[in-house]
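Observations on the three-dimensional arrangement
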Amino acid sequence: MNSLWSLTWATLVKDIRLEWRSKDALNAMLFFSLLVVVIFSFSFDPSAEESRQIAGGLVWVAFLFATVVALNQTWARELRNHVLDAYRVSPAPPNSLFLAKALGNFIFVALLEAVMTPLFIVFYNLRAIGPAWELIPVGILGTWALVVNGTFFAALSLRTRSREIMLPLLLFPISIPAIQGMVEATRILLAGDGSARFWIVLLLTYDVVFTTACLGLFGTILHAE
Amino acid sequence: MKRIFPILCFVTALLLVYGLYQALVAAPTERTMGDVQRIFYYHVPSAWTAFCLFFTNLFASIVYLVRRNPKADALAVASAEVGVVFCTIVLITGPIWARPVWGIWWTWDVRLTTTLVLWLIYVAYLVLRRFSDTAQTPVLAAVLAIFGALDVPLVYFSIWFFRTQHPQPVMGNGGSLAPAMLHAFLINLLAFSCFGAMVCWSRFCLELLKREVEEAHAMESLAGAGASPKTSLPLSRSSR
């Protein structure tokens, strides 16, 4: 157990350091979601009431697309110089690698959200009517839902042809309940339209189920030959 | 097994013809919906067959992951492909019926949405199989099948809650069927189950044959390149 966490920590620190020096994924994600925000606000010109109803969908779709941009780069880095093959033959538990990658992506996407949310508020004149603090658990659970499966499917599609297009094709159908949960919870909280409890529980269930599945099956994926 | 196959095909064809007669002629016309209700005799059996095939796919995928038996993988391919075809029939016949009866082509109802998401997941499954042609494809596909199976209950649950929160169109929950209708329905259910099983079986045999041929080709080219065995082995898995 100790080695699992120390290895996870080592890989996570390495990924963050690499990202900090290059800033490839973060810059691409930030600019990409900025573009999505601007294009959306050109396409729809909502009133304050309308924007409360649709902002949940817009925000999460923008984050979803941006997440795919980041996820595509996660594993590509490990293919250079056969780093992944080295992982495969090393005695390190595969789950430490997976956890490090998923946590790294979570941190990047959370950073993106922290930067983009104020922009959304400005562009759409958002003001929550419901209990806005509940958006924090929705954000955390929703981001983890996207990232945990995304990291897994990025690894799964790593050796397929045209993997950049494969990832969304696999990730989006599986993410439908999670996306519905995030969008509905956000809409309810912004519009003050009842309780978002069910959707938070749904997101939590989704996270628990798929985190377990990812940890259970990642070794199979990594060693699939 | 090879001798039974034509006999079973014949029986299935007979059942399908009898089912067609039952559905279009023998079954009484529904009082309020009229003749369009007869699509029900194809819609529901197709859905049943599709779900059975997807279940077969899940089962075969788990067996493959545990045992690594190539036959289980061939069954998974066959059932997923045929299942997608039947699921497509469901998704096409549904709106044809819904338009005159509900007045709308589509609604985000529990069953409709879950079927659509299931269809999307299995199309993604087939795309994965198509885009990945390495030796590890069966493992990746089997893992995806398990993820899909975990996803479906969550979809069902989320839409169920979503829709009970909102007004919904009146569902065709007509209680009990007239005996003649029930008869026609059960015949078609049986006929479609046999039909799906036969198509899946044929596809399964085809997949096994295809693999045999590929293997023979590989062996042949290996034998042809026997003069330089060091370079003939495909060792390209980690070079991409």
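Structure report, in brief. Just so it is clear, the model here is predicted, and its values are computed rather than measured.

1. Points about the overall build of chain B
A tally of regular secondary structure across chain B gives seven helices and zero strands. For chain B, the residues scored as buried account for 31% of the 240 residues in total. Across chain B, contacts joining residues at least 24 apart in sequence account for 79% of those joining residues at least 6 apart.

2. Details of the interface of chain A and chain B
On the side of chain B, 30 residues touch chain A, which itself brings 29 residues to the contact. Secondary-structure elements contributing two or more residues to the side of chain A that touches chain B are α7 (163-191) and α8 (197-222) of chain A. In terms of residue class, the side of chain A that touches chain B is built from 17 nonpolar, seven polar and five charged.

3. Notes on the packing of helix α5 (residues 94-124) of chain A against helix α6 (residues 135-156) of chain A
Residue and element names in this part refer to chain A. At a minimum axis distance of 9 Å, the contact between α5 and α6 shows a crossing angle of 135°. Relative to α6, the element α5 is oriented oblique. Here α5 and α6 pass one another in a crossing that is right-handed. For the pair α5 and α6, the contacting residues are Phe 98, Lys 101, Ala 102, Asn 105, Phe 106, Val 109, Ala 110 and Glu 113 in the first and Gly 139, Thr 143, Trp 144, Leu 146, Val 147, Val 148, Gly 150 and Thr 151 in the second. Partitioned by chemical class, the residues of the contact of α5 with α6 number nine nonpolar, five polar and two charged.

4. Describing unusual backbone geometry
Backbone geometry at Lys 23 of chain A places phi at a positive 60°, although glycine is not the residue there. Mapped onto the secondary structure, Lys 23 of chain A falls in the loop between α1 (2-22) and α2 (24-43). Assessed through the 11 C-beta atoms surrounding it within 10 Å, Lys 23 of chain A is described here as exposed. Even without being a glycine, Arg 68 of chain B presents a positive backbone phi close to 55°. Checked against the element boundaries, Arg 68 of chain B lands in the loop between α2 (40-67) and α3 (70-102).

Basis of the calculations
Residues numbered from 1 in each chain as written. Chains lettered and ligands numbered in written order. Predicted model: local features only at pLDDT ≥ 70, side-chain atom pairs only at ≥ 80, totals over all residues. Helix = DSSP H or I, 4+ residues; strand = E, 2+ residues; numbered from the N terminus. Buried ≥ 20, exposed ≤ 12 C-beta atoms within 10 Å, placed from the backbone. Contact = placed C-beta atoms within 7 Å. Nonpolar A, V, L, I, M, F, W, Y, C, P; charged D, E, K, R; others polar. Axes fitted to C-alpha atoms, helices over the stretch in contact; angles between N-to-C directions. Parallel < 35°, antiparallel > 145°, perpendicular 65-115°, else oblique. Left-handed = near helix turned anticlockwise from the far one by under 90°.

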